[in-house]
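# Reading the structure
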Amino acid sequence: MKTSVDKHFLYLGPEAPHEVTWAEIPAYGGLSTGRGSLAEASHLEGRKIIVFVPGTEILLSEANVPRSRRQIMLQSIPFALEENLCDDVDQLHFAIGPVSEKRIAPVAVVDKDRMAEWLAMLDEAELKAKRIIPSSLALPITDGRETLVLNGNEFLWRKNTWAGFGGETGNLAFFLNSEPEKKLPVRIFAAADQPDLAGIIPPSTEILEQREYSELIEILAEGYQGREAIDLLQGEFSPGAEWKEFWHKWRLPITATVLICLMGITGFFLDYFRLKSANRTLDRQIKTIYLQTFPESRKVDFPRHQMEQKLKDLRKDSGGTSSFLSTYDQTVPLLTGAPGFNLNSIRFKNDHFEFEMEIRDLQSLDKLKNDLAKVPGVDVVIKNAETKGDRVKARLQISTGGDA
């Protein structure tokens, strides 16, 4: 179920922004109007405002349009109407209404500078238009009945849903007499202070109804039908047009920057997961070496911390500098510096270490043994050595004192 809402209207007449009129129709019905400067319409700030502009400054026409996207239609209309326009099409703004099955579109044409002036007025007053409508397309009409509004020295005429015009009241007789043989059934709305209509409306005009009004905004607010009006906020004046222009100009640099950022983020996460995987592998290796070194251990939750604690305990039990661990710093560089050295496993048992390792050749193994034997307090025994391809696999036992 559609909920009724308040409706807010603003008319930027010829005297705007010094003098404008506004109207409000509450959801519960009724109509209230006001008059003052545009600054005095500040109570409309934040509202969805339907803004009317003088129909006398807007040309209503129609044009054949191609069967294409709306943007292509807008681009084609200036060329379709160019021969019928006095001004340069580059200085004009074109807006279209619904396209018929015969590809005919109603068109509203207005000077770009004037359109920019109206928008600047609203911006300065901190008001935002939901739609901007030619006043001639807000006059009330019924099928077969044209509407004439007399407003002081100006008039507005709406012939049908999409056709209308306006001008000076002194020229009205010319328009009405252009087809003397045709009696026009017309509804007339005249301002309360309008002079006698006898000298304005020719006798050939069939007047169906004649009403007085106080403010033009009353007629516009009551007659406005959203589906039967052309919104001028199209093309370069559409909401978000500045953003669209900015995007069109900078879309390639922005896209490239986003892609570079995405690549950087992707690379970061790839490195993160690769390092995380390597860290898990390293933890598994540490745990394996820990269990090989201390086979009596059953629970290994924090292998690095437990390994450090075991080494501290070994230092305490080994008598300080006279123990094997006191010579650790001297033996390790010799092992890792041997040609082709690769450690497969290490075990600690009965006060000696056994290294299962690979080395380049037997000569390198023999040299390593001799170098280790020169370390004070260290005994070295080659428990096993076997040549496999171009490598030598060996088991080396290192112990302190003569316990080997």
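I will try to describe carefully the structure that is included in this document.

How each quantity is defined
Residues numbered from 1 in each chain as written. Predicted model: local features only at pLDDT ≥ 70, side-chain atom pairs only at ≥ 80, totals over all residues. Heavy atoms only, no water. Patch = residues over 30% accessible without salt bridge, like charges linked within 9 Å, V, L, I, M, F, W, Y side chains within 5 Å. Areas by Shrake-Rupley, 256 points an atom, 1.4 Å probe, with all protein chains shown as cover. Salt bridge = Lys/Arg side-chain N within 4 Å of Asp/Glu carboxyl O. Lys, Arg positive; Asp, Glu negative; His and termini not counted. Charge placed at Lys NZ, Arg CZ, Asp CG, Glu CD. Helix = DSSP H or I, 4+ residues; strand = E, 2+ residues; numbered from the N terminus. Buried < 20%, exposed > 50% of the residue type's maximum accessible area, 1.4 Å probe, protein only. Expected span 1.5 Å × (residues − 1). Arc of directions from axis to C-beta. Contact = heavy atoms within 4.5 Å. Polar contact = N/O pair within 3.5 Å; in protein donor to acceptor, adjacent residues only side chain to side chain.

Once that is clear, we can look at a negative patch on the surface. Among the surface-exposed residues, Glu82, Glu83, Asp87, Asp88 and Asp90 lie close enough to one another that they form a single negatively charged patch. Note that Glu83 resides in the loop between helix H1 (70-81) and strand S6 (92-96). Residue classification places Glu83 among the exposed residues on the basis of a relative accessible area of 78%.

The next thing to look at is the pattern of salt bridges. Applying the stated criterion across every chain, the model contains 13 salt bridges. Ionic pairing is found between Glu146 and Lys159, a salt bridge with its closest N-O pair at 3.7 Å. Of this pair, Glu146 sits in strand S9 (residues 146-151) while Lys159 sits in the loop between strand S10 (154-158) and strand S11 (164-168); the two residues are 13 residues apart in sequence, bridging distant segments of the chain. Take Glu146: its relative accessible area is 11%, and that puts it in the buried class. According to the relative accessible area criterion, Lys159 is partly exposed, its value standing at 35%. Of the charged contacts in the structure, one is a salt bridge between Asp371 and Lys367, with a shortest N-O distance of 3.0 Å. Of this pair, Asp371 and Lys367 both sit in helix H8 (residues 362-373), separated by four residues, roughly a single helical turn. Salt bridges linked by common partners bring Glu19, Arg35 and Glu215 together as one network.

A word on helix H2 (residues 112-124). Relative to the 18 Å expected for 13 residues at 1.5 Å per residue, H2 spans 18 Å between its end C-alpha atoms, a close match to the ideal helical length. Residues Arg114, Met115, Trp118, Met121 and Leu122 constitute the buried set of H2. Axial view of H2: buried residues confined to an arc of 120°, hence all on one face. What points out from H2, more than 90 degrees from its buried face, is the exposed set Asp113, Asp123 and Glu124. Those residues of H2 that are buried are in contact with strand S1 (7-11), strand S4 (49-53), S6, strand S7 (104-111) and strand S8 (129-134). The N-cap of H2, judged by a side-chain oxygen 2.9 Å from the amide nitrogen of Asp113 a few residues on, is Asp111. Phi turns positive one or two residues past the end of H2, at Glu126, with a value near 60°.

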